[in-house]
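Chains, contacts and geometry: an overview
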Amino acid sequence: MKILLFNWQDIKHPLAGGAEIYLYEIFKRLLNHEIIWLGCSHESLKDEDFYDNIKVFRYGKWELANYSLPILYFKKIKKNYEFDIVIESISKAPFYTPFFIKSKKITVFIPHLFGRTIYEEANPLIATYVYLLEKPVSRVYRNNKFIVISNSTKEELIRRGIDEKNIRVVFPGIGERYKPSFEKSEKPLILYLGRMKKYKRIDYVLMVFKRVSERIKDADFYLIGEGDYRKNIEKMAKEMNIYDRIKFTGFVPEEEKIKFLQKAWVIINTSPKEGWGMVNTEAQRCGTPCITFDSPGLKETVKDNFSGFLIKYGNWEEMAEKVIYLIENNSLREKMYRNAFEWSKNFDWDKSANEFENFLMEKSW
């Protein structure tokens, strides 16, 4: 098949995130198909590129990608290429491809929908803009197929009026470089790993760290990641008198990230909503249990009381108590190290790529 993908940016873009990792891992495995990926441009990248069986065209500024990529389609793609399948990735604002591509074979890929959580991240004007752009999704795409990465997003689409039979859930896999060592740090090491964004509610992480530090005097706390909310988090940590107990690493390369995940005793995640929660499954593949809020997306990445614990969203006190409980119970912790690794085996990129491809090739269009 010839496949055309609309996505905000490709994997080489400096702002590439979870959606780009997912799409790249899937499409680089679809070797029997011709793939063209449309994404926004960047000063460090060429306008045209080819890597891992993927032809990439870039055009326009990141902020206006939902407008510039349709322009790119009409300028460069429509006249020169024919496609069997068009995939529109709604990882930010929709492109509304059914309005300008008259094909029944448009598949919509959705990592997650922002809904009202966008108001926890963006200023009210931008948040309202994104929120309103999302609202017509169920009407505009009601005759299209959907691929989502969690049952949580599937359930949300059904609530919005999308027919369940048109939705397929294809879980993300885990990179081959993520492996367990089971050789943990000498002192208790507790991690938060992710972007420093307001909506991720890292204030809850600080509350957990503070409570745990009062009981586990020799514990090390690491906040790994970078983002525009980092200064606010550091200020909160100072106000809570725990800044000196926390190591802010900023961004770390993947190899260093893997070492942290292998050495950690436990990782915590406090986000109110995610498409999936890739860091949770990556940690478990490294043999590290995860304690996470039972938020949409995240709740599917952990097997409760087996590979970690699911905590009711916002209950940071219980999360802190579970961290303490795990640290103080050596036999349980050792068991969960191995359980986490076993649970992570459910998530495999080759399996995901096969499921993705099979859905695209179904004849029930």
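Each remark here, short or long, concerns the structure printed above.
These remarks concern the structure in this document. (Residues numbered from 1 in each chain as written. Predicted model: local features only at pLDDT ≥ 70, side-chain atom pairs only at ≥ 80, totals over all residues. Heavy atoms only, no water.)

Let's talk about the overall build of the protein chain
Tallying secondary structure elements over the protein chain gives twelve helices and 14 strands in all. Relative to its length of 365 residues, the protein chain is compact, with a C-alpha radius of gyration of 21 Å against a globular reference of 21 Å. Looking at the protein chain residue by residue over its 365 residues, the buried ones come to 56%. Within the protein chain, contacts between residues at least 6 apart in sequence are counted, and of these 67% link residues at least 24 apart. Accessible area for the protein chain stands at about 16,800 Å²; split by element, carbon and sulfur atoms hold 50% of it. Across the protein chain, 60 positive and 51 negative side-chain charges occur, with their mean positions spaced 3 Å apart. (Helix = DSSP H or I, 4+ residues; strand = E, 2+ residues; numbered from the N terminus. Rg over C-alpha atoms; globule rule 2.2 N^0.38 Å. Buried < 20%, exposed > 50% of the residue type's maximum accessible area, 1.4 Å probe, protein only. Contact = heavy atoms within 4.5 Å. Areas by Shrake-Rupley, 256 points an atom, 1.4 Å probe, with all protein chains shown as cover. Lys, Arg positive; Asp, Glu negative; His and termini not counted. Charge placed at Lys NZ, Arg CZ, Asp CG, Glu CD.)

Quick notes on the packing of aromatic side chains
Counted according to the given criterion, the structure contains 28 aromatic pairs. Relative to tyrosine 73, the ring of phenylalanine 6 lies with its centre 6.0 Å away and its plane at 50 degrees, an arrangement referred to as tilted. Residue phenylalanine 6 is found in strand E1 (residues 2-6), and its partner tyrosine 73 is found in helix H2 (residues 65-77); the two are separated by 67 residues along the sequence. The exposure classification of phenylalanine 6 matches that of tyrosine 73, with both residues buried. Centroid distance tyrosine 96 to phenylalanine 99: 5.8 Å. Interplanar angle 40 degrees. Geometry classified as tilted. According to the relative accessible area criterion, tyrosine 96 is buried, its value standing at 13%. One aromatic cluster is present, built from ring pairs that chain together Phe6, Trp8, Trp62, Tyr73, Phe74, Phe95 and Phe100. For lysine 184, the ring lying beneath its charged end belongs to tyrosine 337, and the centroid distance is 4.7 Å. Against the face of tyrosine 243 rests lysine 238, its NZ or CZ located 4.9 Å from the ring centre. (Phe/Tyr/Trp six-rings, centres within 6.5 Å; stacked < 30°, edge-to-face > 60°. Lys NZ or Arg CZ within 6 Å of the ring centre and 35° of its normal.)

Focus: the nonpolar core
The biggest cluster of nonpolar side chains holds 82 residues, and the ones touching the most others in it are Tyr22, Phe27 and Leu223. Formed by 33 residues, the second largest nonpolar core is a distinct cluster that contains Leu38, Leu72, Leu113 and Val137. (Core = buried A, V, L, I, M, F, W, Y, C linked by side-chain atoms within 4.5 Å.)

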